[in-house]
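# Tertiary structure, described
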Amino acid sequence: MSVLTPAPARTVCAPLPVLGGDVTVPLVTGGEVAYAALDYAASAPALQRVWDDVAAYAPYYGSVHRGAGYLSQLSTDLFENARKAVAAFLGCRDGDEVVFTRSTTDSLNLLARALPAGCQVFVFETEHHASLLPWQDSEVTYLDAPRSPRQAVETLERALADRDPHGPALVCVTGASNVTGELWPVRELAAAAHAHGARIVLDAAQLAPHHPVDVRELDVDWVAFSGHKLYAPFGSGVLAGRADWLREAEPYLAGGGASRRVTRRADGGVDVEWHESAARHEAGSPNVIGAYAIASACKALTEAGWDDLVAREQHLIRTVREGLAGVPGVRILSLFGDDAPRVGVISFVVEGWNSSHFAAALSAEYGIGVRDGLFCAHPLVRTLLGGDPQTQGECGAPDAAAGDKSLNAIRVSFGAGTPDEHVRRFVDAVRELVRDGARWRYRTEGGRCVPAV
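Residues numbered from 1 in each chain as written. Predicted model: local features only at pLDDT ≥ 70, side-chain atom pairs only at ≥ 80, totals over all residues. Heavy atoms only, no water.

### So, the nonpolar core
Keep this limit in mind: In this text, buried Ala, Val, Leu, Ile, Met, Phe, Trp, Tyr and Cys residues form a nonpolar core when linked through side-chain atoms within 4.5 Å. For the exposure calls, accessible area comes from a 1.4 Å probe over protein chains only, and a residue counts as buried if that area is under 20% of its type's maximum, exposed if over 50%, partly exposed in between. Numbering of helices and strands starts at the N terminus; helices are DSSP runs of H or I of at least 4 residues and strands are runs of E of at least 2. Note on contacts: a residue pair is in contact if any heavy atoms of the two residues lie within 4.5 Å.
Judged by nonpolar contacts, the single largest core of 87 residues is most densely connected at Val86, Leu90, Leu156, Leu202, Val213, Phe225 and Val238. At nine residues, helix α9 (residues 288-304) tops the list of elements feeding residues into this core. Non-local contacts of valine 86, meaning those with residues more than four positions away in its chain, are made with Val98, Phe100, Phe225, Val238, Ile294, Ala295 and Cys298. Formed by 32 residues, the second largest nonpolar core is a distinct cluster that contains Val330, Ile346, Ala364 and Val370.

Okay, structure coming up:
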């Protein structure tokens, strides 16, 4: 059983320059400290290269596709060249479409709207809600969380063997978990899907920022990802892959740009001829800057060199995992075990601490930004924690005592722009909090743990 594997150990390169690297934040205990942004899995900071490219283009902003003016023509070329750059980044096949969307969530909802009638969908309960929930208008089979890559493939094969072999089917799978960071056996899952006449879409939101994603090598039919996790600003995403289902579906949005020709009928109605290209699902004025930013990020990561980027991230992963392993009461969450290949996403719980309280203390007392909760992957986190799904805890409340099974966790995540010092500071802060406790009092406000004033 093969999975995407990290590159072998090599000389660690420097972090890529990102926005916000010099931001300082106040501490409740007094003074300021450089902010350690360790919430990349939610949104990664924009690469300085991407921001510079966007700033250089901004004065030339113009409408696209039908404008006769110079700026419109320039913007149209930039927008369509961004599509080509993304296709090259993903290793798309001849005939594949690249559709610009708002996010991974938007991309997968678009695909859900394009499914043929009677399509069966198979999805593991371990998925992010963006890939777990869009299929509810179809016949959906939710698969239990596997405990190894091999079990994932075997579970899918059994489920596909029981389906109607004559109808369309789609498998949706993540490339890297947004909770555990573990890499999934995408190639093997794709082979299983195709062997049973199904297609497969890859949620690469957490994979694309950390590893090269090649549609042909992985043999997936579609791939979806978000710009804001790929070191580009908010508001842009991609759905790329097979064109046929997209061309046969009604447009995701009806409006200008998606329509090729609109005429009035004698009875007063309207007839519409829709585009057959990606424009069919890109109605309205497109987010040209968002598309350009994604393309810029794709080029920047490729030029930086994936071998170096992956090697550096593996170094950071080892630093964090080994550091946390040495702290009493800390448990790292995992589906596939300690030896599973993974990206820079690590979730954990601390005995005796409510996770919201711990994350709040990291922020307020150390200037370290992490995330806590269920990470829009509720079934997965509840499975990993093994608690009562109805249990809810509040920071500082009696149910946050040692042994409490409050159903939330702490997630630290990092990537190409993370300095070594930030992960070392994080490990030291975790060790100090567990040993000495918080230095400040906290209360619950609006469901969040915040410093008491």
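What follows continues from the structure just given.
### Thoughts on the sheet that holds strand β4 (residues 97-101)
We count it as follows: Any two strands with at least two DSSP bridges between them are considered paired. Only the contacting stretch of a helix is used when fitting its axis, a line to C-alpha atoms as for every element, and angles between N-to-C directions run 0 to 180 degrees.
On the basis of which strands lie adjacent, the open sheet formed by seven strands has the order β4-β10-β9-β8-β7-β5-β6 and mixed pairing. A single partner strand is all that each edge strand has here, and the edge strands are β4 and β6 (139-143). Within this sheet the neighbouring strands show an average axis-to-axis angle of 20 degrees, counted without direction. Inspection of the sheet shows strand β7 (residues 169-174) paired to strand β8 (residues 199-203) by five bridges, in the parallel sense. Across the sheet, valine 173 pairs through a bridge with leucine 202, a residue of β8. Sheet contacts for helix α3 (residues 104-113): β4, β7, β8, β9 (222-226) and β10 (237-241); angle to β9, the most-contacted strand, approximately 150 degrees.

### Structural notes on the packing of helix α1 (residues 48-57) against α9
Applied cut-off: Angle categories: roughly parallel below 35 degrees, roughly antiparallel above 145, roughly perpendicular from 65 to 115, and oblique for all the rest. Crossing handedness is read from the near helix: turned anticlockwise from the far helix by less than a right angle, it gives a left-handed crossing, and turned clockwise, a right-handed one. Only Asp, Glu, Lys and Arg are considered charged in this grouping, and only Ala, Val, Leu, Ile, Met, Phe, Trp, Tyr, Cys and Pro are considered nonpolar; every other residue, Gly among them, is considered polar.
Relative to each other, α1 and α9 sit at 140 degrees, their axes nearing to 9 Å. Here α1 lies oblique to α9, going by the angle between them. Handedness of the α1/α9 crossing: right-handed. In this structure, α1 contributes Arg49, Val50, Asp53, Val54 and Tyr57 to the contact, and α9 contributes Val288, Ile289, Tyr292, Ala293, Ser296, Ala297, Lys299, Ala300 and Glu303. Of the residues in the contact of α1 with α9, the class split is nine nonpolar, one polar and four charged.

### With respect to the packing of helix α10 (residues 306-325) against helix α13 (residues 420-436)
Between two packed helices, the angle of one axis relative to the other and the distance separating the axes together describe the packing. Where α10 contacts α13, the axes come no closer than 9 Å and their chain directions differ by 10 degrees. On the basis of the axis angle, α10 is roughly parallel to α13. Taking contact as the criterion, the partners of Arg312, His315, Leu316, Thr319, Val320, Gly323 and Leu324 in α10 are, on α13, Asp420, Val423, Arg424, Phe426, Val427, Val430 and Arg431. For the contact of α10 with α13, the residue count by class is seven nonpolar, three polar and four charged.

### Describing a nonpolar patch on the surface
Condition: Patch members must show over 30% relative accessible area and no salt bridge, and they are joined within 9 Å when carrying like charges or within 5 Å when they are nonpolar side chains of Val, Leu, Ile, Met, Phe, Trp or Tyr. Every accessible area reported is derived by Shrake-Rupley at a probe size of 1.4 Å, with residue values counting cover from the shown protein chains alone. The working definition used for a salt bridge is a side-chain nitrogen of Lys or Arg within 4 Å of a carboxyl oxygen of Asp or Glu.
A cluster of nonpolar side chains, namely Tyr60, Tyr70 and Leu71, defines an oily patch on the protein surface of about 340 Å² accessible area. Its location among the elements puts tyrosine 70 in helix α2 (residues 70-90). On the basis of relative accessibility, which here comes to 63%, the residue tyrosine 70 falls in the exposed class.

### Thoughts on the environment of glutamate 322
The residue glutamate 322 is located in helix α10 in this model. Put simply, glutamate 322 and valine 427 are 105 residues apart on the chain and 9.2 Å apart in space, counted from C-alpha to C-alpha.

### A short note on the packing of aromatic side chains
Definition in use: When two rings of Phe, Tyr or Trp (its six-membered ring) have centres within 6.5 Å they constitute a pair, described as stacked for plane angles under 30 degrees, edge-to-face for angles over 60, and tilted for the intermediate range.
For the structure on display, the rule yields ten aromatic pairs. With a centroid separation of 5.7 Å and an interplanar angle of 70 degrees, the aromatic rings of tyrosine 57 and tyrosine 292 are classed as edge-to-face. Here the residue tyrosine 57 occupies a position in helix α1, and tyrosine 292 occupies one in helix α9, the gap between them amounting to 235 residues. Where phenylalanine 89 meets tryptophan 306, the ring centres are 6.4 Å apart and the plane angle is 45 degrees; that geometry is what we call tilted. On the criterion of sequence distance, the pair formed by phenylalanine 89 in helix α2 and tryptophan 306 in helix α10 is long-range, its members being 217 residues apart. On the accessibility criterion, phenylalanine 89 (12% relative accessible area) is buried. Taking relative accessible area as the criterion, tryptophan 306 reaches 14% and is therefore assigned buried. Taken together, the ring pairs connect Phe348, Trp353, Phe358 and Phe426 into an aromatic cluster.

### Examining the pairing of β9
Counting buried positions along β9 gives five out of five residues, so the element sits mostly inside the fold. Here β9 shows two buried faces, one formed by Trp222, Ala224 and Ser226 and the other by Val223 and Phe225. Two elements, β8 and β9, share three bridges in a ladder whose sense is parallel. Counted as the bridge partner of leucine 202 is valine 223 from β9. Pairing geometry for β9 and β10, over five bridges, is antiparallel. Following the sheet pairing, serine 226 is matched in β10 by glycine 237.

### Observations concerning the sheet that holds strand β13 (residues 330-332)
Here we have four strands laid out as an open sheet, ordered β13-β14-β17-β16, and antiparallel in their pairing. Two strands in the sheet have a free side with no partner beyond their single neighbour: β13 and β16 (371-373). Neighbour to neighbour, the strand axes of the sheet diverge by 30 degrees on average, direction disregarded. Here β16 runs beside strand β17 (residues 409-413); their pairing, made up of three bridges, is antiparallel. Among the inter-strand pairings, arginine 371 is bridged to a residue of β17, identified as arginine 411. Across the sheet, α13 lies against β13, β14 (345-350) and β17, angled at about 10 degrees from β14, the strand it touches most.

### Remarks on unusual backbone geometry
Phi at tyrosine 231 is positive, roughly 70 degrees, even though this residue is not glycine. Inspection of the secondary structure puts tyrosine 231 in the loop between β9 and β10. Judged by relative accessible area, tyrosine 231 falls into the buried class, the value being 0%. Here cysteine 376, not a glycine, exhibits a phi torsion of approximately 50 degrees, which is positive. Following the sequence through the fold, cysteine 376 ends up in the loop between β16 and α12 (378-385). Take cysteine 376: its relative accessible area is 41%, and that puts it in the partly exposed class.

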